[in-house]
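# An overview of the molecular structure
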Amino acid sequence: MWRLVFKGVCLCTLAIALSACGGGGSGGGDNAGDPGAGETDSASGGNDSTSGSGDGSSSVGGTSLALANTEYTVSHVRGHSYSQRLYAINITGDANWELEEFNIPGITADVTSGQGSGKIVLTMDLTKVPRDLSTQRFTIKNTDTAEEVFANFTFDFQLPEFSFVNDTVEFDASHGWNDAILENTAYLNTGTNAYTTTITADIPITGSWKENSVDIDNRYQAVPLELIPSAFSEGEYSGTVTLTAMIDGESIEASFDIVVRASQHRLIAHDNGIALSSLPGKQVLEKSVLIDDSYWQGGIDWSAQTDAAWLTVKNSGITGEKLTISANPAGLATNETHIAEIILTSPDAAIENTETIYVGLWVGDTDPPAQVEIPTLPHGTVADPVKPLLYAVKDNTVDVYHLYTGELVTSHTLPFERVKSPVISSDGKTLYMLRDDNLKSIASLSLESLETNSVSYDNVPSLLRTLQYARTNGKGMLVSSYFVNSYGADTKLLMADAQSLAEISYNGEPDTIYSGALEVSGDSRVYCVTDSSSYSSDLTCLDATYSSLDNEASTEWRSAAYGGNGIDIAVNFDGSIVYHAADPGSAIYQISTDSGSSNQLFDNDRGLCCLQMGPEDLLYTLASFSNDVGANDFWILDQTGNVNGSGKISSERSWNANMLNTEVSADGNIIVTRPSNLDLLFLRTY
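Keep in mind that this is a model prediction, so the values were computed, not measured. (Residues numbered from 1 in each chain as written. Predicted model: local features only at pLDDT ≥ 70, side-chain atom pairs only at ≥ 80, totals over all residues. Heavy atoms only, no water.)

Our next topic: the state of the cysteines. Evaluated as defined, the whole model comprises two disulfides. The disulfide partner of C528 is C541, and the gap between their sulfur atoms is 2.1 Å. Classification of the bridge connecting C528 and C541 rests on its S-S torsion, roughly 110°, and on that basis the disulfide is right-handed. Taken together, the positions of C528 in strand β48 (residues 526-530) and C541 in strand β49 (residues 538-547) put the pair 13 residues apart, joining distant regions of the chain. For the pair shown, C528 and C541 are each scored as buried. (Disulfide = S-S within 2.5 Å. Helix = DSSP H or I, 4+ residues; strand = E, 2+ residues; numbered from the N terminus. Buried < 20%, exposed > 50% of the residue type's maximum accessible area, 1.4 Å probe, protein only.)

As a general point, the strands of a sheet are linked pairwise by backbone hydrogen bonds and lie either parallel or antiparallel. With mixed pairing, the five strands of this open sheet are ordered in space as β15-β22-β21-β17-β19. Among the strands making up the open sheet, the edge pair consists of β15 (168-173) and β19 (212-216). Across this sheet, the average inter-strand angle for adjacent strands is 30°, counted without regard to direction. Across 13 bridges, strand β21 (residues 235-247) lies against strand β22 (residues 250-262) in antiparallel orientation. Bridge pairing links T240 to D257 in β22. (Pairing = 2+ DSSP bridges. Axes fitted to C-alpha atoms, helices over the stretch in contact; angles between N-to-C directions.)

A low pLDDT score tells you not to read the predicted coordinates there in detail. On average, the chain scores 87 in pLDDT, and the residues at 70 or more come to 84%. The model gives residues 1-55 a pLDDT under 50, and that stretch makes 143 contacts with residues more than four places away or in other chains. (pLDDT = per-residue confidence, 0-100. Contact = heavy atoms within 4.5 Å.)

Let us look at unusual backbone geometry. Residue D271 is reached from H270 by a cis peptide bond, and omega for that bond is 10°. Of note in the backbone geometry, C610 takes a positive phi value of approximately 60° without being a glycine. Considering the arrangement of structural elements, one finds C610 in strand β55 (residues 608-613).

Structure representation (structure tokens):
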């Protein structure tokens, strides 16, 4: 449907009848475009108010001829779907007349002569009218008097234009590149005619985007630009995205501004500290380490080198693949730990770091005892990821024990009154603890220089409750939690820089959580917490990211589940599975963090506790209490519940394991637990 607009006279719909508009002249219109898209393709006619002679009228001896309108404007957007127009030249008078012959491509007249009042309807196919035609005069002659009147048409041919919903689009990938599509919304004022449009970008990073094309018309259309994450490094990059289309033989283009924000692009080894061992009864001489990148994209080239003659490594690969590390103990001194470094580099200019993997190899000439009992009551223990050492904190002392012998290797006195809840960096370089003498503080001890540090987070309203070490997006961080209020129910997470202990800005979802146990996946991408209530064990898992650009940690809700009363959990390497020990009861549940679904993995008759993830994603668990009945008190399980190892603590003693003080050596050969309030117990697992 189309309309004629009669300037100063009337408006009618041509589909009814051109003759329905009485009196006056008419001008054409091009209003087929979507008004919401800002299309204004129209024609207007002007009035000639003079009578008698002149351009608009002629009169001789009572024989008259006049035009209602003498001036017309034809505006047209080239390539528009509304390109067929009708224009009526209204004639009044009683003379005989004829239209002077014309030859303009795309324009025809329905009549060329007549007598008295009438009209000439010009049909215009604006796709055929010459683009350089700016004006055209149509002459109508009074054949009775040879006088002439004129209809003057002005043609305004316009190229179409792109319009954008957003003048500037910001793409924030500083917390990760889960999505690499930068998108705006555009439309083109060509009516329903769609045109293939090429999308290109100007970003100050070579090879950072892929050319794309879409078909665009006057409807809102997504305009996607695919970015190439591997080309970026930390920074904020300004640029433009340009749309180009060929319409009616000419190229048109328009641009909008973009800002791309990215964090450091780093190589990450999971883990950057590993322990191998050579013992008469068991050899742990090979380890596969996932080499990742902080953008989690994969495909980044890396190479690995080591100076250690006893160590063999795969020379190169790409992120997303594993680096296989093999040790040969032949010729090495026995009963000592041999340390080596593996240096990871990338030829990719966007990679901003060199990653170091620290490897410890214990070469022993005897197997460790089946059990070693140490008469001590620590406030927390943690195993070294590289060396066969256990760190036990008590009051202001860190006691260091050899995992294979139980021998007290050394002790460190701290300048604090009391510490608890120790964790260790993944490279084995630094020990971290909560302070019991300052309940809002985290302390650190360098295991190389023995320097200490302590930071109090006075902005938190209550004591810090838990402590974990993470390397989220390659950033060493400490993750703790605190009560939001005095009721002791809702908690929030606190993030701190593992190097300086300075607080890291945290943007968390959900805002508050119920936090009892807190565990971090091996790749540090998933954090899981349980309800602190003894009557419930609601489990919440969060996807975690870190922005080096903003120095900000962030979490987003991943899944939730309910697994029965109890608070002990362990998380597998990639965070896809949480193991949950129910109490009271006798089962371990395996919970998917993708769906929240739960199934029973393993059970016994005395309850299970003390869940710990060991090497190769094996789960280590202990019975909750002693019982002479039954062959075993601890088990090593795979992800299907198969038992890969088990053992008995003692058939002669009564004990009750304390799950907060159960550790597994980095090579999986030793479990350390506290079966009573009097001692530590070192258990050989093979």
